[in-house]
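Residues per chain are reported as follows:
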Amino acid sequence: MTDVHQVSRAAEVTSGHVLGGGTLLMRQVNYAPQDIDRLVIVSDPELKAVRAEGSDIRIGAGVTMAEVIAHPDLAAFAPAARAIGGPALRNMGTVGGNLFAPHPYGDFATALLAAGAQVHWADGRSEDLEAMLKSRDAARGCVVAVTMPRLRPEQLRFRKLSRTKPKGVSVLSVAVRLDAMGGRVNSARVAFGAMGPTPMRSPSAEQALQGASLDEAGVARACEACVQDLAPADDALASAWYRKRVAPVQLKRVLLEAR
């Protein structure tokens, strides 16, 4: 039997599983071996807030994918939000929930990772999303928001490969944040989804892009290098071999689109 409790502030959560959109958690409650005995619904309005903070933007953990798509200040993240499921799922699935989505889900977290997001917890802690993802299975607490630089759509590129269109699960996803001038890359953050247990960056690709031109010759070294950092698994969607073969192809397409 699962008990349901409601609290008005995220800081009041002391135990249980926080229920956001429920797209993943309720499936576990209903169909998996029962190890969840307490669900917590948080009605804190801060979880639904989107606001500017200087040069950054803060997205509450309870903001849905549909709300991301509709918000004018989040246009750079709309392609990643739009790639998640169908309309019903996007109306329920939340930013905070996607941070904890297991492989092969977590496409929005991949875009946030490329953007350089920070994760904020109810107890006042803040940490890089990259660090949070590496330790998330052992994490305790309630995520209340993420912040990241305010990006223009052309600064953040996202691409998802799936076997079922338009709302299939990822074979892989890739997101790239580029700072380029005069056709050359000054800095880059490259993140892949479904290429490991959590979304992950490719430092080798990022290093190879430094100073590179955004043409086929210029991005070739980064596309070759990216596979060094990836650790895909075999599953029902694709083999690890296949994922490693298509990752450079998808990265190349994203980079050339950025021209």
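Structural data are supplied above this passage.
Below is a short write-up of the structure. These numbers come from a predicted model, not from an experiment. (Residues numbered from 1 in each chain as written. Predicted model: local features only at pLDDT ≥ 70, side-chain atom pairs only at ≥ 80, totals over all residues. Heavy atoms only, no water.)

Counting residues in hydrophobic clusters, the biggest one holds 45 residues, and the most contacted among them are F77, V95, L99, F108, L112, L129 and M148. In terms of residues, this core owes the most to one element, helix α6 (residues 107–115), which gives 7 residues. Residues L172, A188, C223 and V246 belong to the second largest nonpolar core, which totals 29 residues. (Core = buried A, V, L, I, M, F, W, Y, C linked by side-chain atoms within 4.5 Å. Buried < 20%, exposed > 50% of the residue type's maximum accessible area, 1.4 Å probe, protein only. Helix = DSSP H or I, 4+ residues; strand = E, 2+ residues; numbered from the N terminus.)

On to the pattern of salt bridges. Counted by the stated rule, this structure contains 13 salt bridges. Ionic pairing is found between K48 and E67, a salt bridge with its closest N-O pair at 3.0 Å. Of this pair, K48 sits in the loop between β3 (38–42) and β4 (50–53) while E67 sits in helix α2 (residues 65–70), and the two are 19 residues apart along the sequence. The shortest N-O distance in the salt bridge between E257 and R159 comes to 2.8 Å. Here E257 is found in helix α10 (residues 240–257), whereas its partner R159 is found in strand β9 (residues 156–162), with 98 residues between them in sequence. Judged by relative accessible area, which is 41%, E257 ranks as partly exposed. (Salt bridge = Lys/Arg side-chain N within 4 Å of Asp/Glu carboxyl O.)

One face of the sheet, then the other: side chains in a regular strand alternate in exactly this way. As judged from the 3 bridges shared by strand β6 (residues 118–121) and strand β7 (residues 126–128), these two strands associate in the antiparallel manner. Its bridge partner being in β7, H120 is matched across the sheet by S126. If you look at the hairpin formed by β6 and β7, you'll find 4 residues sitting between the two strands, and G124 has a positive phi there, around 100 degrees. Note: β6 against strand β8 (residues 143–149), 4 bridges, orientation antiparallel. Its bridge partner lying in β8, W121 is registered against V143. (Pairing = 2+ DSSP bridges.)

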